[in-house]
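Tertiary structure, described
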Amino acid sequence: MALKPAVVCSKKEDEGMQKPPATFHPTLWGDFFVDYQPPNGPQHAYMQERVEVLREEVRRIVKGSKEVAKILDLVITLQRLGLDSYYKTELDELLHSVYNSHYNDKDLDLVSLRFYLLRKNGYDVSSDIFLRFKDKEGNFAAYDIRSLLGLYNAAHVRTHGDQVLDGAIAFTKSRLTTQLKHLKSSLRKEVSFALETPLFRRVRILETRNYIPIYEMMSTRNEAILEFAKLNFNLLQLLYCEELKKVTLWWKELNVQSNLSFIRDRIVEMHFWMTALCPEFNYSLSRIILTKMMAYITIIDDIFDTHGTTEESMMLAEAIYKCNESATVLLPEYMKDFYLYLLKTFDLIEDELGTSSGYRVFYLKELFKRLVQGYSKEIKWRDEHYVPKTVDEHLELSRTTVGAFELACASFVGMGDIITKETLDWLLTYPELLKCFTTLARLSNDIVSTKREQRGEHHASTVQCYMLQHGTTMHDACVKIKEMIEDSWKDIVKEYLTPTEQPRVVAQTIVDFARTADYMYKKTDSFTFANTIKDMVVSLYIKPI
């Protein structure tokens, strides 16, 4: 008999977790997760046992898939439900068979889904196939909503050479927007999600949370897949709560030990962001390390940007270059305890990684050295009131100080044996895919934060640089920066499709980082104004399915 996940998870409150605070205040939410008690009762054990049964039942479905159309439908379903990681080898084999198989290339739905999934999984297939669906007026033979939606999502896995896809985006976006208000509720919701964020750019775990209820309403749903997806998400949710309790306790100790009154209390948002990056069960250590690294980056950024004098900031930079206790004497009194706690965290991470992987802490330290080197140059710009003459000049520095490069590289430190020393060394060379991602992160950050940051003394953003370079208004500069963000996505796809000697998970993780940056800076700086993501935080940590 199938277990109903909602019944299981309704016990969460009984098993230790109190009702969440009514308002999204960071300190209140941190205290909420400190009191979390993980469930250990028979219901939880049954959930885990049931998942194992369903996993093998779905595996039989995967292995039994033969026809191209059914394979593609199954793959996209498992990906959107967050189950694809359990069948990586099998799904890779299925997609390889799709790549080499004949198919109905006159069916736009099928062509769009095939193109989308193959490109998403690293196959550099040609976009010319879509030319056959285009008439002389530039319209596409997409007459129903599903065809429009499929083409719209496929077109967003584009590079600079895919002019036909540029036209497809303009065409489908216009048609979908026009028809949105006439659609039934479930389809209207899916189209609305797509217009806000096309499928390729969505954060995977948030897509899973949003898609499970949509899939449940489909007449074509598979009950085993649906039940597996619900239980898998609910078990992940329990793990995320345990992690958040650990990092919140660590964060509170950091606050006490460092005694820095200006620290932004954002530990829930930090863990939320890092969970959105690598949501699977086996990346728990990586999420915890990343959350701690993001916390330190945030504090150091605040010291350099706002709370420290130029002299004090240079002292901290020098201490981080040395990265040992003897450098404490270089620091002003109020920074010493914070610095010692940073060194202590490095030591604890080395212990958590174990003997064979402890060497990776060297790379974390190296990343912080690079970060403060960039911060030091930005302070020089600020103090000298220097505005770079071009956006490119600005990006040469600012893409490295947004913190995206450091976090992207740090994400691999806790990922296990698939990541080697050679991979970590390669990442420090700042490969092109990382440059494309950090450009996107910097531009996305600047476009939503520039007005707020320019109210005080602050170095110029890319928006101000563009205004100076081209003599435009802020509005026109922001329009252009948005176009540059779209170009960055094209660059990311191009590099993603370019083979390297590194494990495939490296490119996939960097693209996942781009997705999280897109989400967090979609409408505002959601890290600073966390109330804008309150509902998704509740959905990810509090509300079971």
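Keep in mind the model is a prediction, meaning the values are calculated, not measured.

Remarks on the overall build of the chain
The helix and strand tally for the chain stands at 24 helices and zero strands. Counting the 545 residues in the chain, one finds 57% classified as buried. A fraction of 73% describes how many contacts in the chain between residues 6 or more apart in sequence connect residues 24 or more apart. In the form shown here, the chain has an accessible surface area of approximately 23600 Å², with 51% of it arising from carbon and sulfur atoms. Separation of charge centres in the chain, based on 69 positive and 76 negative side chains, amounts to 5 Å.

Focus: the pattern of salt bridges
Across all of its chains, the model carries 35 salt bridges by this definition. Residues E207 and R202 are paired through a salt bridge, measuring 3.0 Å at the closest nitrogen-oxygen approach. Under the relative-accessibility criterion, E207 is labelled buried at 8%. Under the relative-accessibility criterion, R202 is labelled buried at 9%. As a salt-bridge pair, E333 and K336 come within 3.3 Å of each other at their nearest N and O atoms. Of this pair, E333 and K336 both sit in helix α15 (residues 333-353), three residues apart, which is roughly one turn of the helix. Assessed through its relative accessible area of 21%, K336 is described here as partly exposed. Overlapping salt bridges, with partners in common, bring together R80, R146, E190, R202 and E207 in one network.

Quick word on the state of the cysteines
Formally, a disulfide is one covalent bond, and it connects the sulfur atom of one cysteine to the sulfur atom of another. Using the criterion set out here, one finds zero disulfides in the structure. Unpaired in terms of disulfides, C323 finds its nearest cysteine sulfur in C409, a separation of 16 Å. Its relative accessible area of 13% is what places C323 among the buried residues. C409 takes part in no disulfide bond, and the closest cysteine sulfur, belonging to C278, lies 14 Å away.

What to know about the side chain of T401
Relative to the elements of secondary structure, T401 occurs in helix α17 (residues 391-401). With sequence-adjacent residues up to four places away left out, T401 is seen in contact with L371, G374, Y375, E378 and R442.

Describing the environment of L235
For L235, the location among the structural elements is in helix α11 (residues 223-258). Given a relative accessible area of 9%, L235 falls into the buried group. Once the C-alpha coordinates of L235 and T528 are considered, the two residues, 293 residues apart in sequence, prove to be 29 Å apart.

Brief notes about the environment of I418
As for its position among the elements, I418 is in the loop between α18 (404-410) and α19 (421-428). With relative accessibility at 45%, the residue I418 sits in the partly exposed group. Separated by 86 residues in sequence, I418 and R504 place their C-alpha atoms 9.9 Å apart. Discounting residues that sit within four places of it in the chain, I418 has contacts with P503 and V505.

Focus on the side chain of R209
Position of R209 relative to the elements: it lies in helix α10 (residues 204-216). A polar contact of 3.1 Å, which involves the side chain of R209, links it to the backbone oxygen of S539. Within polar-contact distance, the side chain of R209 engages the backbone oxygen of K543 at 3.4 Å. Beyond its immediate stretch of four places on either side in the chain, R209 contacts F233, M536, S539, K543, P544 and I545.

Re the packing of aromatic side chains
Overall, the coordinates contain 23 aromatic pairs when judged by the stated rule. Both rings, one in F115 and one in F130, keep their centres 5.1 Å apart while their planes meet at 85°; by these two values the pair is edge-to-face. One end of the pair, F115, is in helix α6 (residues 108-120); the other, F130, is in the loop between α6 and α7 (145-155), with 15 residues separating them in the sequence. Across the pair, F130 and F115 agree in class, each one buried. Their ring planes at 50° and their centres at 5.6 Å tell us that F140 and F171 sit as a pair that is tilted. With F140 in the loop between α6 and α7 and F171 in helix α8 (residues 163-179), the pair connects residues that are 31 residues apart, well separated along the chain. Comparing F140 with F171, the two get one shared label, buried. Members of the aromatic cluster, each reached through a chain of ring pairs, are W250, W251, Y296, F338 and Y341. Against the face of Y430 rests K435, its NZ or CZ located 5.9 Å from the ring centre.

Quick look at the confidence of the model for the chain
Across the chain, the average pLDDT comes to 91, with 93% of residues at or above 70. Within the chain, the element-level pLDDT minimum falls on helix α1 (residues 5-9), averaging 35, and the maximum on helix α4 (residues 68-80), averaging 98. Below pLDDT 50 for its whole length, residues 1-16 participates in 34 contacts with residues either more than four positions away or in separate chains.

Some details on the packing of helix α12 (residues 267-277) against helix α24 (residues 534-541)
Each packed pair of helices is defined by two parameters, the angle between the axes and the distance between the axes. One can describe the packing of α12 onto α24 by two numbers: an axis separation of 11 Å at closest approach and a directional angle of 70°. Judged on the interaxial angle alone, α24 and α12 are roughly perpendicular. Remark: the crossing between α12 and α24 carries left-handed chirality. For the pair α12 and α24, contact is made by V268, H271, F272 and T275 and by M536, V537, L540 and Y541, respectively. Its residues placed into classes, the contact of α12 with α24 shows six nonpolar, two polar and no charged.

As for the domain arrangement of the chain
Each assigned domain of the chain is listed with its residue range as follows: domain 1 (41-228) and domain 2 (259-542). The straight-line distance from the C-alpha centre of domain 1 to that of domain 2 is 31 Å. Between domain 1 and domain 2, the buried area comes to about 2500 Å², and carbon and sulfur atoms account for 59% of it. The tally of links between domain 1 and domain 2 comes to five salt bridges. Counting across the domain 1 and domain 2 interface gives 12 residue pairs in polar contact (both at pLDDT 80 or more). Contributing elements (two or more residues each) for the side of domain 1 that touches domain 2: α6 and α10.

Parameters at a glance
- Residues numbered from 1 in each chain as written.
- Predicted model: local features only at pLDDT ≥ 70, side-chain atom pairs only at ≥ 80, totals over all residues.
- Heavy atoms only, no water.
- Helix = DSSP H or I, 4+ residues; strand = E, 2+ residues; numbered from the N terminus.
- Buried < 20%, exposed > 50% of the residue type's maximum accessible area, 1.4 Å probe, protein only.
- Contact = heavy atoms within 4.5 Å.
- Areas by Shrake-Rupley, 256 points an atom, 1.4 Å probe, with all protein chains shown as cover.
- Lys, Arg positive; Asp, Glu negative; His and termini not counted.
- Charge placed at Lys NZ, Arg CZ, Asp CG, Glu CD.
- Salt bridge = Lys/Arg side-chain N within 4 Å of Asp/Glu carboxyl O.
- Disulfide = S-S within 2.5 Å.
- Polar contact = N/O pair within 3.5 Å; in protein donor to acceptor, adjacent residues only side chain to side chain.
- Phe/Tyr/Trp six-rings, centres within 6.5 Å; stacked < 30°, edge-to-face > 60°.
- Lys NZ or Arg CZ within 6 Å of the ring centre and 35° of its normal.
- pLDDT = per-residue confidence, 0-100.
- Axes fitted to C-alpha atoms, helices over the stretch in contact; angles between N-to-C directions.
- Parallel < 35°, antiparallel > 145°, perpendicular 65-115°, else oblique.
- Left-handed = near helix turned anticlockwise from the far one by under 90°.
- Nonpolar A, V, L, I, M, F, W, Y, C, P; charged D, E, K, R; others polar.
- Domains from an automatic or database assignment.
- Buried area = accessible area lost by both parts, 1.4 Å probe.

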